[in-house]
Amino acid sequence: LMEEAVDNEFAAERFGSKATPIFKPVTYTLFEYLGDEWPAYAPIYDLKTTATPEQQRRVIDFARFVSSATDGEFAARVGDFLDLDEFARFLAGEVLLSSYDSILSRGQNFYMYLDPRSNKFGFIPWDLDSAWGQDWIASKAEQEQASIWHPWVGEKRFLERVMAVEEFRRIYRSHLEDFLSRLYVPDR
């Protein structure tokens, strides 16, 4: 397992700016609306770099949107907040790695960033030592039968809402198929 610090230097290299907000959330209820003040979100989202008040507001606005938008509004506008392609890649990787000590169950072991170029949220996997089904969340038999369309454990409103968006499902399936045909091959 190789680790890389996800910090200001990482942000500068990947996003062209050390000022990119990078968060390390730990919560079962990602993007749950907790009111309009950043201090309610700060301990949950654990900011690892700096964020302007406008960037903090973006987290709050997305939380309000995830918590209260109608299904039609959500499907039409989720791409305004979330980089659907990037999130589909992230989720496909987590699912294929059977990484349940993650966003799929405990709501931890990933980073989230707000890309200053697009003003959209993206995700970075982290701490994959429990990948390949090495976690206790489910039996091996249950893991073998896990659904790619409902890979999380428990109620995860954010994941449920995103997975219900047909555009996202199409992109996600495309990444799953690509990873399986290109990366998950016996010759490799």
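Note that the structure is a prediction, hence the values are computed from the model and not measured. (Residues numbered from 1 in each chain as written. Predicted model: local features only at pLDDT ≥ 70, side-chain atom pairs only at ≥ 80, totals over all residues. Heavy atoms only, no water.)

Please explain the sheet that holds strand β1 (residues 22-23) as it appears in this structure.
Two pairing modes exist for strands in a sheet, parallel and antiparallel, and in both the strands are linked by backbone hydrogen bonds. Reading across from one edge, β1-β2-β3 is the order of the three strands in this open sheet, with antiparallel pairing throughout. This sheet does not close on itself; its edge strands, each paired only once, are β1 and β3 (120-125). Bridging between β1 and strand β2 (residues 110-115) involves two bridges; their strand directions are antiparallel. Within β2, the position partnered with F23 by the bridge is M112. Most of the contacts of helix α3 (residues 53-68) go to β3, to which it runs at about 90°, and overall it touches β1, β2 and β3. (Pairing = 2+ DSSP bridges. Helix = DSSP H or I, 4+ residues; strand = E, 2+ residues; numbered from the N terminus. Contact = heavy atoms within 4.5 Å. Axes fitted to C-alpha atoms, helices over the stretch in contact; angles between N-to-C directions.)

Help me out: how do you make sense of a nonpolar patch on the surface in this one?
A grouping of W132, L180, L183 and Y184 is seen on the molecular surface, where their side chains present a nonpolar patch of about 390 Å² in accessible area. Assignment of secondary structure puts L183 in the segment after α8 (166-182). Among the residues examined, L183 registers a relative accessible area of 33% and is labelled partly exposed. (Patch = residues over 30% accessible without salt bridge, like charges linked within 9 Å, V, L, I, M, F, W, Y side chains within 5 Å. Areas by Shrake-Rupley, 256 points an atom, 1.4 Å probe, with all protein chains shown as cover. Salt bridge = Lys/Arg side-chain N within 4 Å of Asp/Glu carboxyl O. Buried < 20%, exposed > 50% of the residue type's maximum accessible area, 1.4 Å probe, protein only.)

I would appreciate a short explanation of the environment of E32 in the present structure.
Inspection of the secondary structure assignment puts E32 in the loop between β1 and α2 (42-45). Owing to a relative accessible area of 38%, E32 belongs among the partly exposed residues under this scheme. Not counting residues up to four positions away in its chain, the partners in contact with E32 are Y41, Y45, A63 and S67. Reaching out from E32, the side chain makes a polar contact with the side chain of T29 at a distance of 2.9 Å. (Polar contact = N/O pair within 3.5 Å; in protein donor to acceptor, adjacent residues only side chain to side chain.)

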